[in-house]
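Structure assessment
Here is what each chain is made of, one letter per residue.
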Amino acid sequence: MQRRDFLRLCGAAGLGFAAPVGPSIVSGAEAAKSGSPAYGGPYYVIFNAAGGWDTTYLMDPKGVNKMNRLYKEGDILTRGAHRLAPNAAHIKAGLSNEDFFKNYGAELLVLNGLDQQSANHEPGKRYMATGKLDSLVYPTFAALVAACKGSEVPLAFLTFGNYSATGNLVPMARVPYLNSLTILANADAVGGNARSPYHDDFVIDEIERTLQEQIKARVSQVRLSRVERSQSMLFAAQLNSKALERVIPYIPKTSPKERLSRQADIVLASFKAGVCVSANLSIGQFDSHANNDADQMRLIPEFLAGIDYLVKKSEELKIRDKLVIVIQSEMGRTPTYNKNNGKDHWAIGSIMFMGRGIRGNRVIGATDDKQLLVPVDPKTLSIDKEKGIRIRPEHIHLALRNLAGIDQHEFSKKFPLKVSEQEQLKSLWG
Amino acid sequence: MYRREVDGKVYDFDHTGYVYKGSFVMFDKQTGSEWIHVTAECVMGPLRGKSLDFLPAQVITWQKWKALHPDTTVFSSRNRWKAKSRDRKAFSRTSSRKKLGLNVVVDYASKLYPYSKLEPQRVINDVFQKTPLAAVFVPQADCAVAWIRKVDDRTLTFEPASRDGQPLRLKDKETGSLWDPLRGKCVKGALRGKQLEPLVAIAIYVGRYRAFYPDGEVFGEKNDSASKPPSAKNAGGRPEANHRGPQGVVVDRFFADEVWAKVGERTCLKCHHAQGDASDSEFLLQDTLRGRDSLDKNRVAFAQMAAEKEDGKSRLLLKIIGELDHGGQDVLKADTTGYRILARFVRRTSGKPDDGPAIADYHAPPFFDGIEMMTPRRILRRVTLSLAARLPTKGERAAVERDGLKEMDAILDQVMREDAFYERLKEGFNDIFLTIGSGSDVLSYEYFKEKNWPQKYDLTDAGDEDAQKKARYKLFDDYRAAMLHEPQELIAYIVRNDRPFTELATADYIMVTPYSARAYGIYEALRERFKDPDDPFEYIPTKLPALKSNWGSKKMQESDTGFYPHAGLLSMFHYLKRYPTTETNRNRHRARMYYQQFLGVNIMKLASRVPDAVAAEAKYEIPTMQSADCVVCHKTMDPVAGLFQDFEASGHIGPRKDGWYKDMFGPGFEDEDMPDKERWRALQWLGERTAKDPRFAVAMVQHVYYILIGRKVLLPPEDIDDPMFASKRRAYRQQRKLIEEVAGRFASAKFNLKFVFKALVGSEYYRADGLAALAEQPRRRAELDDVGLVRLLTPEQLERKLTALFGQKWGRLVGRGNKFEILYGGIDSKSVTERMTDPSGAMGAIQRILSNDVACKNVALDFSREPSQRRLFPHIELDVVPGDDSAAEAKIRQAIVHLHQHLLGQKQATDHPEVERTYRLFVRIVNHAKSKEGLDKVGSYSCDRIDGKRLDDPHYTLRAWRGVVTYLLRQHDFLYE
């Protein structure tokens, strides 16, 4: 079957919707037996601290104006270019800021003073995930990059929560348990047991062949766009699912207790098997309206430990150099404590990046002593209170699209981010 | 000259004595409406938006006219003739004449031929609005005329054919015939005696033309379609033009597609309408979905605002960027597309040249034109499977075969009496309200000390200790399930009993079972009302007494009636617990969910962007009440939040000790404050208003649309730079129109929700099935992008379908602890609340497991039954082998036809390509097996055993049929609705 036929089949022409049909289909039944080709990276990981993290207890320390009860300005630590809030003395589990920056400071790019515009969870998550605040249809960066780079792999876009819109470009995949992958990987065997197939091999081959003949025949039929799209996606999903068997060798024998680490195991096995492009990892409960310090001292270390777990395991799997990691939250928290010792929503926040193509040991942007945003010169990325701009998520997302090399992809153009040439952060990645 | 008749009524006209943009203004004596002379449009008064039809006419001296038409009678009025005389003299002067042009109107589109271009050429052969025309300047009459240059389907090309000083004659190149240009008659040659058809054409000052025809073409100018190269013409379509709208109103395409669609509707209309924040403004607009001639009225409002000047600048352009104390501040920046559109509009309406791009010419067909609708038989199968979890009955099939869709309402009436429909209804509404996510532990010990009654329940009759333990587990399970589903049972009760669905917010009762009633402490009082007091799931409506604390204070809930003030779902503990509040959230989350679920309003979407949120916090003492950026949202949300003030985080009564917050807008709804005396029943007060709010009906229709179609209604497109913006907007508006129409009828039907199901099932959106021909036009394709139900079945739906088709459930897609439910895109109503609509590779793997396993469990089983008892293979046995004879082939094909019908709902002939494909699959498997040595002569151990014994399968037909069923269960027609 010719690829152009499949493009038509998928309704890609004209409307530009996803064509999740990979080369494996094009090359016919034989290739189909082994599933889609492996995706070899880069792999994109978005870590979400859902609920709104307190940036002043992590990468944007203050210690002034009674903003932090656990440390004072003089206690602030530095590691390379980074300034960090000390917390090793206050945590019971997880990874301290001190250790996190010690391990990763040299690779870490921090942007403080991000104008997240909204102090509400839902729009904040949407904005941080897509770069577009006032749209409910834009895809998340993770979904977009998956659609652009590998929509033919079975778990192209894995998500574990948080805002996960796909823009109708690529199916999202939820795999809450690692062991479910074992069953899925052997779908043609009773109970997932490869020694007990449902059908003789040649029967399965004939079924696949007939399904291919059927979809080929439908290429020439005139159908509604939705029908074309869904038939294509269904065919691709079933065909590409065969590639899941490649995950099995990378499924760890034991499963960690920590929630982020469990997600990381699924993601890494999928990356390594070449069946996944991007993943949306998330833990919640950061919304510390009461007892801010206790909550943040529990959650930030858990969050950082999850990142640490993923990076270290990626080293073992020899894919660390292919990771692009974004670490974010939908908002920050107020500079002052409320009556319940909590902190409320604050629309100025921070974001961190590390991985392939990103020069670390850098801090861009800032907030002042009232935790208000300080503008940045988009060209030099230095502070410029007079002529600088307020960096917002669309600036970040445009830069991420550039970093991933998908800014000119037809899917990206379908969801444009309107940032003027002068405001683009062209040197963000160093 | 016009026909003075509008909608069959004749009017008398006179002029008002004043001019508008250089054109005198007429009025009709019957209604006083005012009309523009040049365009014949009514711009003010009761007939605003109407137009008069032009009649062909010429501006010519009387002397020359009389010479041409000696029998002419004259309408004369002394005074008016004097005025005309002056005009005539002025017209005759060459200098004045050169300022004129011939305005030719074809199909309500206008094109101007300036005399400065026409006079030297004498004749211009042109094509406008697909009409070949000749514009002619006739020197002997000092006038210009226009003719359709076509005779007997033959298009002619004219050229001047007179010597200097002689009266102008025209010659057609095709036959060489000579024509009189003033009369349009052939006077010599092969076509002698033939008459050309005149076009409406009047003289108009070139300088005034743009003021009245901003979208019109001018011959020889940039926007002249005739002056563009043929390739551009073909690629870009015809030039932009006004066209006549449904009410006969001449629509300004630039205004409709650009100004209104991209700016007015999305930006200005939010405040500038009769009930909006800017309702006291003179610049009032109308929603064009509702008003018959509202688009034209809006155009007039925009045009007036555009024409008003402040320091030489249009007020429209100043207001929109926040100047002149615009209440909405700067809604557009000067460098935005929206502003540029308005600037073009101002230029166009002021008669200045508009060098912007032409509006793409696309004449949309009726929206569902070319869409094939599903046959009644297939709709019937969809309806019964989807809503009643069963196949159609014979009687139903016969009814639709006989009477088509006319029978559908009656069938739906029956379907909506079946229990399965209520399972689907409850499941569908849980997708929206997500109350399952509250969990079953919704009662507080403070008020319900019996909430754990199964713990102490006497189970000695159950047997020994172990048996009692098991019985107690079951008791708890049933009790929890009974409690958990109370909100959904309320919905089912309302619909089943044809009660107004407004009771969703107003019902003064809840639904309880013998088990949940015990927890509420009202079992004994209700005991007699239950048919079976031991049935954990017999739900009846009842009222709770006002709550009384069991703790030290012994406080009572305030209540004038002695009862808990029930307000449907709103006041149920499940709902309140599902959407909890915090000290800092202050019930705003509840208010937000209320607006979204009950009124279809996404508050977060309405006002999600503020220029500098933290600056507002710093600048104002109470930003949510003082900062315009915050107030826009909080003035709506906070009053409703205040109505929930007496319900604490987990959903029970628990007013704040310090009273409700003073730094919030007080309790109320929209612009109405809640009276203090209503506080004890605040949610009832809200429910009453909800029931009267027109948005409630719309929101409920949207919910049913989601349940039936599987996706939410379209949102209006946002990106005005998107080339497909207009198409997406049309698709949205078309769908929105349906939703609003059904909502209106739903309200008239006393809010009976069954009506909505019937209306939507009958709509094109539910029935659209295919295209009669490929939609080549990208805009047309974009319009139809969302058309067609095409829904991936949810795990629950798929499980029910399997049960309906195979007579037994598969059981691996849904149920407690079933890992496939979430993997297959299901929800847990708490952390996973959105269903997946496109299959991932993981879901593709589940589909393969399902098809293998269901075929495994059912094919051998079916063959083991008596033919009359079989669902899958009633007409064939395993000893029918392909290749034996033609009768065998016929039987196999017939068996495949049955399988296609039963599993896929396809009624096909035995030689249909799809049947042929399945037949080939069966044959190939059997033949392959025949050629393969060492294969067992019995079925497989895992799949083909009956009573522990593997069935004989000497010809491999059993396993081949299993392969066929596996193949069919993997298909789109099975897995999608």
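This text goes with the structure placed above it.
In this text the structure is predicted, and so the values were computed from the model without any measurement. (Residues numbered from 1 in each chain as written. Chains lettered and ligands numbered in written order. Predicted model: local features only at pLDDT ≥ 70, side-chain atom pairs only at ≥ 80, totals over all residues. Heavy atoms only, no water.)

**Quick word on the overall build of chain A**
Filter applied, for reference: Helical segments are the DSSP runs of H or I of at least four residues, strand segments are the runs of E of at least two, and each set is numbered from the N terminus. Each residue is assigned to one of three classes by its accessible area relative to the maximum for its type, calculated with a 1.4 Å probe on protein chains only: buried under 20%, partly exposed between the two thresholds, exposed over 50%. The Shrake-Rupley method, run with a 1.4 Å probe, gives the accessible areas here. Residue values count only the displayed protein chains as cover.
Within chain A, the regular secondary structure consists of 14 helices and 14 strands. In terms of overall dimensions, chain A has C-alpha extents of about 75 × 50 × 35 Å along its principal axes. Across the 430 residues in chain A, those meeting the buried criterion constitute 64%. Accessible surface computed for chain A: about 15,100 Å², of which carbon and sulfur atoms make up 49%.

**A few points about the sheet that holds strand S1 (residues 43-49) of chain A**
Residue and element names in this part refer to chain A. To be explicit about the condition: Here, strands pair whenever DSSP counts at least two bridges between them. Note on definitions: a residue-residue contact is assigned when non-hydrogen atoms from the two residues lie within 4.5 Å. The axes are straight lines fitted to the C-alpha atoms, using for helices just the contacting stretch, and the angles between their N-to-C directions are given from 0 to 180°.
Strand order in this open sheet of eight strands is S6-S5-S7-S1-S8-S11-S4-S12, and the pairing throughout is mixed. The open sheet has two edge strands with one neighbour each: strand S6 (172-173) and strand S12 (362-364). Looking at chain direction, S1 and strand S7 (residues 278-283) are connected through six bridges and run parallel. Residue pairing across strands places Ala49 opposite Ile283, the latter belonging to S7. Against the sheet, helix H11 (residues 259-272) makes contact with S1, strand S5 (157-159), S7 and strand S8 (323-328), and its axis sits at roughly 175° relative to S7, the strand it touches most.

**Thoughts on the environment of Thr513 of chain B**
All names here are of chain B. Position of Thr513 relative to the elements: it lies in the loop between strand S28 (510-512) and helix H18 (514-520). You can call Thr513 buried: its relative accessible area is 0%. Sequence separation between Thr513 and Thr502 is eleven residues; the distance between their C-alpha atoms is 23 Å. When neighbours within four sequence positions are excluded, Thr513 is seen to be in contact with Ala482, Phe530, Pro536, Phe537, Glu538 and Tyr539.

**Side note on the interface of chain B and chain A**
To keep things clear, this is the line we draw: By convention, the term buried area covers the 1.4 Å-probe accessible surface removed from two parts as they join, with the contributions of both added. Counted as salt bridges are all cases of a side-chain nitrogen of Lys or Arg within 4 Å of a carboxyl oxygen of Asp or Glu. Any N or O atom pair separated by 3.5 Å or less is treated as a polar contact, with the protein-specific requirement of one donor-capable and one acceptor-capable atom, and with residues adjacent in sequence counted only for side-chain atom pairs.
Facing 82 residues of chain B, the contacting portion of chain A comprises 83 residues. For the pair chain B and chain A, the summed buried surface comes to about 7,200 Å²; carbon and sulfur atoms form 56% of the total. Applying the counting criterion to the chain B and chain A interface returns twelve salt bridges. Ionic pairing is found between Arg226 of chain A and Asp786 of chain B, a salt bridge with its closest N-O pair at 3.5 Å. Counting across the chain B and chain A interface gives 31 residue pairs in polar contact (both at pLDDT 80 or more).

**So, the pairing of strand S4 (residues 109-115) of chain A**
All names here are of chain A. Most of S4 is tucked away: seven of the seven residues are buried. Two elements, S4 and strand S11 (residues 348-355), share six bridges in a ladder whose sense is antiparallel. Each bridged residue has a counterpart across the sheet, and for Leu111 the counterpart in S11 is Ile351. Pairing of S4 with S12, which is carried by three bridges, proceeds in the parallel orientation. Across the sheet, the residue bridging to Val110 is Val363, located in S12.

**Concerning the side chain of Ser727 of chain B**
All names here are of chain B. With respect to the element layout, Ser727 can be found in helix H28 (residues 725-748). Looking at Ser727, its side chain comes within polar contact range of the main-chain oxygen of Arg779, at 3.1 Å. Once residues within four sequence positions are removed from consideration, Ser727 is found in contact with Arg779, Ala782 and Glu783.

**Observations regarding unusual backbone geometry**
In this model, Gly41 of chain A is joined to Pro42 of chain A through a cis peptide bond whose omega is 0°. Structurally, the position occupied by Pro42 of chain A is in the loop between helix H4 (29-33) and S1. Positive phi is not limited to glycine here, since Asp498 of chain B has a value of about 55°. Along the chain, Asp498 of chain B turns up in the loop between helix H16 (486-496) and helix H17 (503-506).

**So, empty space enclosed by the protein**
Residue and element names in this part refer to chain A. Selection criterion: A cavity, in this analysis, means grid points on a 1 Å lattice covering only the protein atoms where a 1.4 Å probe fits yet has no way out; a pocket is instead an open set bounded by protein on both sides within 12 Å along at least five of seven lines, and a residue lines either one if it has an atom within 4 Å of a point. Grid points are joined across faces, edges and corners, and a volume is the space filled by probe spheres set on the points. Charged residues are taken to be Asp, Glu, Lys and Arg, nonpolar residues to be Ala, Val, Leu, Ile, Met, Phe, Trp, Tyr, Cys and Pro, and polar residues to be all remaining types, Gly included.
Using the criterion set out here, one finds nine cavities of 30 Å³ or more in the structure. The calculated volume of the largest cavity comes to roughly 150 Å³. Lining the largest cavity we find 13 residues, and of these Leu211, Gln214, Ile215, Leu234 and Phe235 sit closest to its centre. For the lining of the largest cavity, the elements supplying multiple residues, two or more each, are helix H9 (201-219) and helix H10 (225-240). A breakdown of the residues in the lining of the largest cavity according to their chemical character gives five nonpolar, five polar and three charged.

**Focus: the environment of Leu714 of chain B**
Residue position: Leu714 of chain B is located in the loop between helix H27 (694-709) and H28. With 91 residues separating them in the primary sequence, Leu714 of chain B and Pro623 of chain B have C-alpha atoms 33 Å apart.

**Details of helix H12 (residues 394-403) of chain B**
All names here are of chain B. What counts is decided by this rule: As used here, the arc is the angular range of directions from the helix axis to the C-beta atoms.
Burial in H12 covers these residues: Glu396, Ala399 and Val400. Viewed along the axis of H12, the buried residues span an arc of 90°, placing them on a single side of the element. Residues Lys394 and Arg402 are exposed on H12 and point more than 90 degrees away from its buried face. Just downstream of H12, Gly404 is the residue with a positive phi angle, here 65°.

**Considerations on the nonpolar core**
Residues and elements named next belong to chain B. Put simply, the rule reads: To qualify as a nonpolar core, a set must consist of buried Ala, Val, Leu, Ile, Met, Phe, Trp, Tyr and Cys residues joined through side-chain atoms within 4.5 Å.
By size, the foremost hydrophobic cluster in this structure holds 305 residues, and its most contacted members are Phe501 and Trp961. Ranked by the residues each element gives to this core, the list is headed by H27, at twelve residues. When residues no more than four places from it in sequence are discounted, the contact partners of Trp961 are Val859, Phe863, Phe873, Ile876, Leu878, Ile892, Ala895, Ile896, Leu899 and Phe922. Of all hydrophobic cores here, the second largest spans 25 residues; its members include Phe254, Phe255, Trp260 and Met305.

**Quick word on helix H13 (residues 393-404) of chain A**
Residues and elements named next belong to chain A. Cut-off, in case you're wondering: Multiplying one less than the number of residues by 1.5 Å gives the expected span of a helix.
Taking 1.5 Å of rise per residue, the twelve residues of H13 would be expected to cover 16 Å, and the 16 Å separating its terminal C-alpha atoms lies within 8% of that figure. By the criterion of burial, H13 is predominantly enclosed, with ten of the twelve residues buried. Inspection of H13 places Pro393, Glu394, His395, Ile396, His397, Leu398, Ala399, Leu400, Arg401 and Ala404 among the buried residues, and these make up the whole buried set. Looking one or two residues beyond H13, the residue adopting positive phi is Gly405, at roughly 70°.

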